[in-house]
Amino acid sequence: MRKAQLRDAFVRSAVYERRFLAKNPWDFAMVIWIPLVTVLLIWWIFSQTQITNLPIGVIDQDNSPIANTAVRYLEASPDITVRQLYHSPAAAEAAILQRDIYAVVIIPEDFSRNILSSKPAPLILQVNAQYGTHSGIIQKSVQSVAGTLSAGVEIQRLVKQGMAPSQAAIAYSPISIQRISLFNEATDYQQFLASTVIPALLHILAMVIGATTIGRELRDRRIGRWYTFIDTGRPDLTALVDSDTVSTLDHKQSRSDATKPLAAIKKTQQVSIAVLVFGLLGKYFWPMLAYSIWSALALWLATPQQAVALASIIVTYIGLVLLMMLSFWLGAIFTLGSFSLRMGLSSTGFISAPSYAFAGVTFPYIAISDSAQHWSNALPLTHYLKLHIAQLQMNAPVAISLPIIYGLTLATIIAMGLTAVLSKRALAHPERWGAR
């Protein structure tokens, strides 16, 4: 009989939530359309997997054959392109301010003369360092062009002195760097950013859903009727298909709560935690199902770029689903803890929105302050992204990421239990229902 009661609580709550989503397009969009569009939009934004043809300008004050060669080398670099030749620094500065170009290379008027006289002949690079990624790529490309041009000039000089070309190349650069990229060899920004940004955005949306799903019951003073329905089946809230009828009943319920608070408190003293747990599972069943599908879609988009072991995909998917479930419960905890949907949404935004910045993906984790590291370790997204990168991008053994799976599982169970406890507390205080 007890199992049947818990099963009925789950089914009634799921049916109740399905009817609500069918009648409220905005809440339905938060579950279905917004996360789907988010996943596809982010993947489309990074569909060009590598950054190429960043526009730069050139001011050629020398107009010599060597200077023309330098311009051709800059144009031939795959990462940058010479957008325009400028004749004055003012014109180049205006183009940078308008973001027509991100840097300007100045070839001084005595460039070729200094080279022929064996004097230093620098290329002057003025780059907009406000854009860190752009700046780094442009500096690397210009430095590579300068090194190539310099090597060619020096090798030609040594050859003219009678040295063999192979010996001249060694004499010019006796020490070289052999660089081996261990992971993400192609510098794929779709793999680097898109595959990690998508879980972060789903995490934010899931916390918002977690806050609003239970928060609207508090805001509209319906949490008492919701629990009575999942516990006893009366009144049949799934039959309330007219919004005006719902509003009328809510108004009557609020007046009843205002006139009989002591009776309501006495009644809620017999609230069952087990019934609440299964009722909450039913209430969040549809968001959990939908976000499990969006999680699978995100991983499906992230994995074709390279060969990934099936075990790694399964572990990553389990971790992402656990992150979504934990996000739902955390959003509910913030709302129930404050008895206010507004405060719950504010808290979820404060926690989830900047969490990607602390995860160590774009800014090195080891470089942030100790207090920021403590905050980063407290965020579930940080631990999931460690698992995500290790399994999908570094092909690490599954055993390395299992502690994260255990931790997310434990955190999800604890958060679910705490949500049920806070729901029972909310049911015991009907005088606090209705807070915005």
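Please refer to the structure higher up on the page.
The paragraphs below set out a description of the structure included in this document. (Residues numbered from 1 in each chain as written. Predicted model: local features only at pLDDT ≥ 70, side-chain atom pairs only at ≥ 80, totals over all residues. Heavy atoms only, no water.)

## Re the overall build of the protein chain
Along its length, the protein chain carries 19 helices and four strands. Residues classed as buried in the protein chain amount to 45% of the 436 residues present. Put simply, the protein chain shows about 22600 Å² of open surface, and 62% of that area lies on carbon and sulfur atoms. (Helix = DSSP H or I, 4+ residues; strand = E, 2+ residues; numbered from the N terminus. Buried < 20%, exposed > 50% of the residue type's maximum accessible area, 1.4 Å probe, protein only. Areas by Shrake-Rupley, 256 points an atom, 1.4 Å probe, with all protein chains shown as cover.)

## Considerations on the pairing of strand β1 (residues 54–60)
Of all seven residues that make up β1, seven are buried, and the element is covered over most of its length. Of the two faces of β1, both are covered, the one formed by L54, I56, V58 and D60 as well as the one formed by P55, G57 and I59. The pairing of β1 with strand β2 (residues 80–86) spans six bridges and is parallel. From the neighbouring strand, I59 faces β2, where its bridge partner is Y86. Crossover β1 to β2 through helix α4 (residues 65–76) is right-handed. Looking at chain direction, β1 and strand β3 (residues 103–107) are connected through four bridges and run parallel. Bridged to G57 within β3 is V104. (Pairing = 2+ DSSP bridges. Right-handed = clockwise from strand over helix to strand, strands pointing away.)

## Section: helix α13 (residues 273–283)
Those residues of α13 that fall on the buried side of the exposure criterion are V275, L276, V277, G279, L280, G282 and K283. Check the buried side of α13 and you find it contacts α1 (2–23), α9 (189–219), α10 (223–232), α14 (285–302), α15 (310–338) and α19 (398–427). Of the residues that open α13, the one with a side-chain oxygen 3.4 Å from the backbone nitrogen of A274 is S272. (Contact = heavy atoms within 4.5 Å. Polar contact = N/O pair within 3.5 Å; in protein donor to acceptor, adjacent residues only side chain to side chain.)

## What to know about a nonpolar patch on the surface
On the surface, V37, L41, W44 and I45 cluster together into a nonpolar patch covering about 440 Å² of accessible area. Along the polypeptide, L41 turns up in helix α3 (residues 33–45). (Patch = residues over 30% accessible without salt bridge, like charges linked within 9 Å, V, L, I, M, F, W, Y side chains within 5 Å. Salt bridge = Lys/Arg side-chain N within 4 Å of Asp/Glu carboxyl O.)

## Things to note about the environment of L202
Position of L202 among the secondary structure elements: in helix α9. According to the relative accessible area criterion, L202 is buried, its value standing at 0%. C-alpha of L202 to C-alpha of S327: the two residues are 125 residues apart in sequence and 9.2 Å apart in space. In this structure L202 touches P35, V39, Y291, W294 and M324, once residues within four positions along its chain are discounted.

## With respect to the sheet that holds β3
Across the sheet, which stays open at both edges, the four strands sit in the order β2-β1-β3-β4 with mixed pairing between neighbours. A strand with exactly one partner marks an edge of an open sheet, and here the two such strands are β2 and β4 (124–127). Recorded for the sheet is a direction-independent mean angle of 25° between the axes of neighbouring strands. Looking at chain direction, β3 and β4 are connected through four bridges and run antiparallel. The partner of V104 across the bridge, within β4, is Q126. Lying on the sheet, α4 is in contact with β1, β2 and β3; it crosses β2 at an angle near 140°. (Axes fitted to C-alpha atoms, helices over the stretch in contact; angles between N-to-C directions.)

## Here's the deal with the packing of aromatic side chains
Applying the stated criterion to the full structure yields eight aromatic pairs. Measuring from ring centre to ring centre gives 6.1 Å for Y284 and F328, while their planes differ by 35°; the resulting arrangement is tilted. Taken together, the residues span a long stretch of sequence, with Y284 in the loop between α13 and α14 and F328 in helix α15 at a distance of 44 residues. Aromatic pair F285 and W286: ring centres 4.8 Å apart, planes at 75°, arrangement edge-to-face. (Phe/Tyr/Trp six-rings, centres within 6.5 Å; stacked < 30°, edge-to-face > 60°.)

## Examining the layout of surface pockets
Space inside the largest pocket adds up to approximately 560 Å³. In terms of lining residues, the largest pocket is bounded by 23 residues, among which I115, L149, S150, V153 and E154 are the most central. When contributions to the lining of the largest pocket are tallied by element, the ones reaching two or more residues are α4, α6 (111–116) and α7 (132–160). If you tally residues by element for the lining of the largest pocket, the top one is α7, at 10 residues. For the lining of the largest pocket, a count of residues per class yields 13 nonpolar, six polar and four charged. (1 Å grid on protein atoms, 1.4 Å probe; cavity = no way out; pocket = protein on both sides within 12 Å on 5 of 7 lines; lining within 4 Å. Points joined across faces, edges and corners; volume = space filled by probe spheres on them. Nonpolar A, V, L, I, M, F, W, Y, C, P; charged D, E, K, R; others polar.)

## Digging into helix α16 (residues 341–352)
The terminal C-alpha atoms of α16, which comprises 12 residues, lie 16 Å apart, in line with the 16 Å expected from a rise of 1.5 Å per residue. Burial in α16 covers these residues: L341, G344, T348, I351 and S352. An end-on view of α16 places all buried positions within 95° of arc, on one side of the element. Opposite the packed face of α16, turned more than 90 degrees from it, sit the exposed residues R342 and F350. For α16, the elements touching its buried residues are α9, α15 and α17 (370–378). Near the N-terminus of α16, the side chain that reaches the backbone nitrogen of R342, with its oxygen 3.4 Å away, is that of S340. (Expected span 1.5 Å × (residues − 1). Arc of directions from axis to C-beta.)

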